[in-house]
Amino acid sequence: MATPVVTKTAWKLQEIVAHASNVSSLVLGKASGRLLATGGDDCRVNLWSINKPNCIMSLTGHTSPVESVRLNTPEELIVAGSQSGSIRVWDLEAAKILRTLMGHKANICSLDFHPYGEFVASGSQDTNIKLGSFHLSQGHSQAVRCLRFSPDGKWLASAADDHTVKLWDLTAGKMMSEFPGHTGPVNVVEFHPNEYLLASGSSDRTIRFWDLEKFQVVSCIEGEPGPVRSVLFNPDGCCLYSGCQDSLRVYGWEPERCFDVVLVNWGKVADLAICNDQLIGVAFSQSNVSSYVVDLTRVTRTGTVTQDPVQASQPLTQQTSNPGVSLRRIYERPSTTCNKPQRVKHNSESERRSPSSEDDRDERESRAEIQNAEDYNEIFQPKNSISEATPLPPHNIATAKEASKPSPAMDVQLPVPNLEVPARSPVLTATPTPKGEPAIIPATRNEPIGLKASDFLPAVKVPQQAELVDEDAMSQIRKGHDTMCVVLTSRHKNLDTVRAVWTTGDIKTSVDSAVAINDLSVVVDLLNIVNQKASLWKLDLCTTVLPQIEKLLQSKYESYVQTGCTSLKLILQRFLPLITDMLAAPPSVGVDISREERLHKCRLCFKQLKSISGLVKSKSGLSGRHGSAFRELHLLMASLD
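Given the structure is predicted, the values throughout are model-derived calculations rather than measurements.

Draft legend 1. Structural detail: the overall build of the protein chain. Of the regular secondary structure elements, the protein chain holds ten helices and 29 strands. A separation of at least 24 residues holds for 59% of the contacts in the protein chain among residues at least 6 apart in sequence. Surface accessibility of the protein chain: about 28,900 Å² in total, with carbon and sulfur atoms responsible for 51%.

Structure below.
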């Protein structure tokens with residue numbers, strides 16, 4: 001029989017006043033286990049560092065209570081869904097809103113970030129599941145309570161009040177399998193970190209484990225003391241933690257068994273995370289949030305079955321496990337997942353999907369108020385997520401009220417003109433690529449590509465050669481310099497031409513002039529500016545830019561590819577629903593010239609997007625930031641097939 005746990009195994013860390021009104025949602029950062037986000041009835045999202053009493057940042061913009069919050073894997077983005085059905089995404093490093101998503105008709109119940117991109121999945125009380133602008137058909141019949149992407153980013157699992165769990169193939173955009181069996185609402189789903197295994201927890205007081213190769217139940221754990229609301233796999237996948245009423249339970253699944261039970265007076269725990277062999281649990285009541293710590297080094301995670309002290313009179317069979325043996329397939333992740341994911345940086349305006357008339361209003365209403373500059377700089381400025389710190393000690397209860405002074409609004413700065421060398425200028429003839437030149441030229445580098453330092457230095461003196469005079473030395477130094485001057489002069493002339501048109505306020509003509517110059521570097525400079533203001537984009541502009549995007553995506557320059565990805569993502573988010581709706585609409589009665597023109601543009605854009613989709617698909621298998629960006633674009637373009 002298991003004995004009651006000693007005091008040092010689990011303890012209360014702190015209690016804070018998180019909002020001026022009731023707390024309605026919260027989430028822990030899973031990468032560090034040290035970052036906490038809370039959503040409240042006061043329509044705010046507040047950021048906290050575990051074990052510190054002061055609010056780091058307060059995010060505003062929602063006009064109804066925040067029902068769901070989620071941090072992305074690197075803990076640099078946060079998404080929040082409200083009772084009205086709107087969704088807002090903020091960049092925590094830049095302290096600004098990235099985009100606003102609309103489309104749900106009721107409150108947002110669940111959110112999740114794609115593990116290798118900025119793609120957001122949302123589930124709502126309206127029973128719908130959305131992936132950005134893409135809607136998953138054959139969804140649930142009741143509210144969607146939980147969404148989780150698989151570790152490889154290829155699948156999405158959903159749990160709902162209709163007692164079912166569903167698995168979705170994101171590439172095909174359709175349901176793969178439905179898992180019935182629960183007799184109550186399913187509150188949570190969680191993928192095994194390595195194997196093709198899924199766990200689901202329900203209000204029927206059971207946890208079910210599902211085999212994702214055979215699409216059948218592996219085992220079912222019954223007898224939970226209350227509804228299952230929070231589960232978490234150990235990072236190595238050896239066991240599953242279940243946050244129960246006032247206790248933490250540790251389970252195995254083949255066969256089903258309970259390894260350990262730890263008594264923790266946390267009430268209804270809302271979320272779990274692991275940091276340095278310590279499990280962090282958070283719970284909320286009214287306006288207060290409490291955090292608790294369980295020392296996992298004192299918890300049995302494998303081996304002999306432990307009896308529940310609450311059910312000590314019931315006999316349990318002794319079982320042993322062999323956690324080192326994998327019974328099923330392992331997820332195939334991109335090769336870069338051993339390092340922290342890198343994301344392609346985007347400017348805030350280009351990320352939004354709200355109508356252009358709403359852009360400025362969203363910018364004014366949605367703010368990131370830094371309330372504790374010291375903690376903010378410590379967490380978000382040096383790196384993208386909290387580093388591993390020393391283990392959390394037992395701590396006295398601390399309360400803190402959030403500060404009220406907002407920080408000044410941040411202005412969007414225009415990018416510096418792109419200065420990739422060599423530029424493909426019409427006045428220069430093409431030169432063969434040097435043998436040592438990389439296939440992809442990085443945007444930041446220590447040396448210019450295509451130039452040799454020796455071209456700017458005097459030639460090496462040989463013994464028979466006379467001493468160089470000043471004139472000969474200057475001639476050697478200027479070798480190659482003239483070519484560089486020609487490149488920059490031509491570039492300056494082309495930019496002046498585009499700028500002269502830009503001052504007239506005609507964006508479409510400005511882009512046309514940049515395209516006519518036949519210099520991709522000028523197109524990149526112009527797109528870097530246009531991408532910052534989503535309201536500048538119109539359907540006719542897309543018809544001009546899409547062929548240029550196809551060229552940029554095939555460029556050897558990393559910065560060109562980044563700009564192309566940003567522009568394509570913006571077009572897909574803002575115009576793909578319009579294009580598909582126009583093409584699917586029945587023909588109009590009578591003559592409508594404006595509609596016919598719009599339909600022609602939609603057909604042209606659709607044809608160009610179909611051409612680009614093959615290129616995006618072929619590059620979605622790349623590693624690094626390019627692969628992540630192309631995989632996200634591939635998901636956005638799923639409706640084209």
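Draft legend 2. How the structure looks around helix 9 (residues 593-619). Across its 27 residues, helix 9 extends 39 Å between first and last C-alpha, which sits within 8% of the 39 Å expected from 1.5 Å per residue. Buried within helix 9 are the following residues: Arg-595, Leu-599, Cys-602, Cys-605, Gln-608, Leu-609, Ile-612, Ser-613, Leu-615 and Val-616.

Draft legend 3. Layout of the sheet that holds strand 7 (residues 77-82). Strand order in this open sheet of four strands is 6-7-8-9, and the pairing throughout is antiparallel. Single-partner strands in this sheet number two, and they are strand 6 (66-71) and strand 9 (96-101). Put simply, the sheet's adjacent strands are angled 20° from each other on average, direction ignored. Relative to strand 8 (residues 87-91), strand 7 is paired through five bridges, and the arrangement is antiparallel. Note on strand 8: the bridge partner recorded for Val-79 is Val-89.

Draft legend 4. Expanded view of the UniProt feature "repeat: WD" (unreviewed entry) in the protein chain. Those residues carrying the UniProt feature "repeat: WD" (unreviewed entry) are residues 16-58, 59-100, 101-131, 137-178 and 179-220 in this numbering. Annotation note: span residues 101-131, helix share 0%, strand share 48%, distance between end C-alpha atoms 10 Å.

Draft legend 5. Layout of the pairing of strand 7. Counting buried positions along strand 7 gives six out of six residues, so the element sits mostly inside the fold. Burial of strand 7 is two-sided: the residues Leu-77, Val-79 and Gly-81 facing one way and the residues Ile-78, Ala-80 and Ser-82 facing the other way are all buried. Here strand 6 folds back onto strand 7 in antiparallel fashion, the turn holding five residues, of which Glu-75 has a positive phi close to 60°. What sits between strand 7 and strand 8 in their antiparallel hairpin is a turn of four residues, with Gly-85 showing a positive phi close to 100°.

Draft legend 6. How the structure looks around the packing of aromatic side chains. As enumerated under the stated definition, the model contains seven aromatic pairs in all. When the ring of Phe-179 is compared with that of Phe-215, the centres are 6.5 Å apart and the planes differ by 25°; the resulting orientation is stacked. One end of the pair, Phe-179, is in strand 17 (residues 174-179); the other, Phe-215, is in the loop between strand 20 (207-211) and strand 21 (216-221), and 36 residues separate them in sequence. Relative accessible area serves as the criterion here: at 1%, Phe-179 is assigned to the buried category.

Draft legend 7. Just the environment of Gly-226, in detail. Within the secondary structure, Gly-226 sits in the loop between strand 21 and strand 22 (231-233). In this structure Gly-226 comes out as buried when scored by relative accessible area, which is 11%. Taking the C-alpha atoms as reference, Gly-226 lies 5.6 Å from Arg-205; in sequence the two are 21 residues apart.

Draft legend 8. Representation of helix 5 (residues 507-516) within the structure. The set of residues buried in helix 5 consists of Ile-507, Ser-510, Val-511, Ser-513 and Ala-514. Projection of helix 5 onto a plane perpendicular to its axis shows the buried side chains occupying an angular sector of 160°, all on one side. Along its buried surface, helix 5 packs onto helix 4 (481-502), helix 6 (520-530) and helix 7 (539-553). One side-chain oxygen at the N-terminal end of helix 5 lies 3.3 Å from the backbone nitrogen of Lys-508; it belongs to Asp-506. Following helix 5 by one or two positions, Asn-518 adopts a phi angle in the positive range, close to 65°.

Draft legend 9. The arrangement of unusual backbone geometry in detail. Here the amide bond leading from Glu-254 into Pro-255 is cis, since omega sits at 0°, within 30 degrees of zero. With respect to the helices and strands, the residue Pro-255 is situated in the loop between strand 24 (247-253) and strand 25 (256-263). Residue Arg-205 is not a glycine yet carries a positive backbone phi of 70°. Locating Arg-205 in the fold gives a position in the loop between strand 19 (197-202) and strand 20. The phi angle at Gln-286 is positive, at roughly 55°, despite the residue not being glycine. Among the secondary structure elements, Gln-286 is positioned in the loop between strand 27 (278-285) and strand 28 (288-295). Using a relative accessible area of 61% as the deciding quantity, one classes Gln-286 as exposed.

Draft legend 10. Structural context of the sheet that holds strand 21. Taken together, the four strands give an open sheet; going across it, the order is 18-19-20-21, and neighbouring strands pair in antiparallel fashion. The sheet terminates laterally at strand 18 (186-191) and strand 21, the two strands that pair on one side only. Neighbour-to-neighbour, the strand axes of this sheet turn through a mean angle of 20°, independent of strand direction. Looking at chain direction, strand 20 and strand 21 are connected through five bridges and run antiparallel. Residue pairing in the sheet places Phe-209 in a bridge with Ser-219 of strand 21.

Draft legend 11. How the structure looks around the nonpolar core. Counting residues in each nonpolar core, the largest one holds 60 residues, and the members touching the most others are Leu-131, Leu-156, Trp-537, Leu-553, Leu-568 and Leu-609. Examining the composition of this core, we find that eleven residues originate from one element, helix 8 (residues 558-584), more than from any other. Setting aside its immediate chain neighbours within four residues, Leu-131 contacts Phe-119, Val-120, Ala-121, Leu-136, Phe-149, Leu-156 and Leu-170. Counting residues in hydrophobic clusters, the runner-up holds 29 residues, among them Trp-155, Val-165, Val-186 and Phe-191.

Draft legend 12. Summary view of the confidence of the model for the protein chain. Taken over all residues, the pLDDT of the protein chain has a mean of 77, while the share at 70 or more is 75%. Long-range and interchain partners of residues 1-6, a stretch whose pLDDT sits below 50, account for nine contacts in this model, where long-range means more than four residues apart.

Parameters at a glance
- Residues numbered from 1 in each chain as written.
- Predicted model: local features only at pLDDT ≥ 70, side-chain atom pairs only at ≥ 80, totals over all residues.
- Heavy atoms only, no water.
- Helix = DSSP H or I, 4+ residues; strand = E, 2+ residues; numbered from the N terminus.
- Contact = heavy atoms within 4.5 Å.
- Areas by Shrake-Rupley, 256 points an atom, 1.4 Å probe, with all protein chains shown as cover.
- Expected span 1.5 Å × (residues − 1).
- Buried < 20%, exposed > 50% of the residue type's maximum accessible area, 1.4 Å probe, protein only.
- Pairing = 2+ DSSP bridges.
- Axes fitted to C-alpha atoms, helices over the stretch in contact; angles between N-to-C directions.
- UniProt positions renumbered as here; feature names shortened; annotations may be inferred.
- Phe/Tyr/Trp six-rings, centres within 6.5 Å; stacked < 30°, edge-to-face > 60°.
- Arc of directions from axis to C-beta.
- Polar contact = N/O pair within 3.5 Å; in protein donor to acceptor, adjacent residues only side chain to side chain.
- Core = buried A, V, L, I, M, F, W, Y, C linked by side-chain atoms within 4.5 Å.
- pLDDT = per-residue confidence, 0-100.

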